[in-house]
Amino acid sequence: ASRRDAVVAQSLLATLAATVEEHKDRLGEIDAVAGDGDHGIGMSRGSRAAVEAAETAVAAGGGVRSVLSTAGAAFGDRAGGTSGILWGLLLETVGESLGNQEPVTLDGLARAVRAGATRVQAFGHAELGDKTMLDALCPFADALDQGAASGLPLPKAWGAAAETCTRAAEATAPMVPKVGRARPLAERSVGTPDPGAVSLALIVTAIGERLDQ
Ligand code: ADP
Ligand code: MG
Ligand code: MG
């Protein structure tokens, strides 16, 4: 099994958790506009559990796959809420797709993110335009594919995809939610971006900054 990339995965999960912590209040406020206001709290609980699980997996000599799979399971268990389950599935699927083979390549990562997006969509039954995290995740996966096709180095491709993801998250503001807890008060959410799309964009942007260092 791999070691170096497993440690990288663990440290990027720590970046994810730190990013959520930094923006926790704002994520709650965005979710409170039409939802129940717990997005920051849930993501914080889930990501802290994910970091702990990743530390244990690395200490036990696990590779990328075991680090992300156990982190995903812990995320889903502890976050509570829809996005916790979906983030748990996303991390588990990315881990399963990457496997324990080193090194992680851009092609492999693009495939893994695509697999994660497909899994989230299959589980949550949301379509593009329903105003969910998928409206940021699918453009992110597309942009990673494009970066891989253009032969960009991994950090550059990730950075460009993070910019695409951020614009896509902002572009959810005028949408009307079709699924999830924001649906009953759907009209109220017009003008505010989807909380799950915003948290995804913040997380992939922070990870991109770490990869570029
Ligand atoms: P809950 O809605 O259970 O309170 P959160 O507030 O943590 O959970 O997460 C809300 C976010 O979850 C939404 O902003 C949206 O991005 C995402 N979401 C909700 N339902 C779905 C779904 N069916 N498919 C994809 N994403 C979803
Ligand atoms: Mg909520
Ligand atoms: Mg909730």
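What counts and how
- Residues numbered from 1 in each chain as written.
- Chains lettered and ligands numbered in written order.
- Predicted model: local features only at pLDDT ≥ 70, side-chain atom pairs only at ≥ 80, totals over all residues.
- Near = placed C-beta within 6 Å.
- Helix = DSSP H or I, 4+ residues; strand = E, 2+ residues; numbered from the N terminus.
- Nonpolar A, V, L, I, M, F, W, Y, C, P; charged D, E, K, R; others polar.
- Core = buried A, V, L, I, M, F, W, Y, C linked by C-beta atoms within 7 Å.
- Buried ≥ 20, exposed ≤ 12 C-beta atoms within 10 Å, placed from the backbone.
- Contact = placed C-beta atoms within 7 Å.
- Axes fitted to C-alpha atoms, helices over the stretch in contact; angles between N-to-C directions.
- Parallel < 35°, antiparallel > 145°, perpendicular 65-115°, else oblique.

A. Examining the site of ligand 1 more closely. Around ligand 1, the structure places 24 residues, and the nearest of them are Gly 81, Ser 83, Gly 124, Gly 180 and Gly 196. Of all the secondary structure elements, the ones that give two or more residues to the shell around ligand 1 are helix H2 (39-59), helix H4 (82-98), helix H5 (106-124) and helix H8 (195-211). In the shell around ligand 1, the residues fall into eight nonpolar, eleven polar and five charged.

B. Representation of the nonpolar core. Judged by nonpolar contacts, the single largest core of 61 residues is most densely connected at Ala 50, Ala 71, Ala 136, Phe 140, Cys 165 and Leu 200. Breaking this core down by element, the ones donating at least two residues are helix H1 (4-34), H2, helix H3 (64-79), H4, H5, helix H6 (134-149), helix H7 (154-170) and H8. Excluding its chain neighbours within four sequence positions, the residues that come into contact with Cys 165 are Ala 136, Pro 139, Phe 140, Leu 200, Ala 201 and Val 204.

C. Focus on the packing of H1 against H3. Across the interface, H1 lies against H3 with an axial gap of 8 Å and an inter-helix angle of 25°. In terms of orientation, H1 and H3 fall into the roughly parallel class. On H3, the residues that touch Asp 5, Ala 6, Ala 9, Gln 10 and Leu 13 of H1 are Val 64, Val 67, Leu 68 and Ala 71. For the contact of H1 with H3, the per-class residue count stands at seven nonpolar, one polar and one charged.

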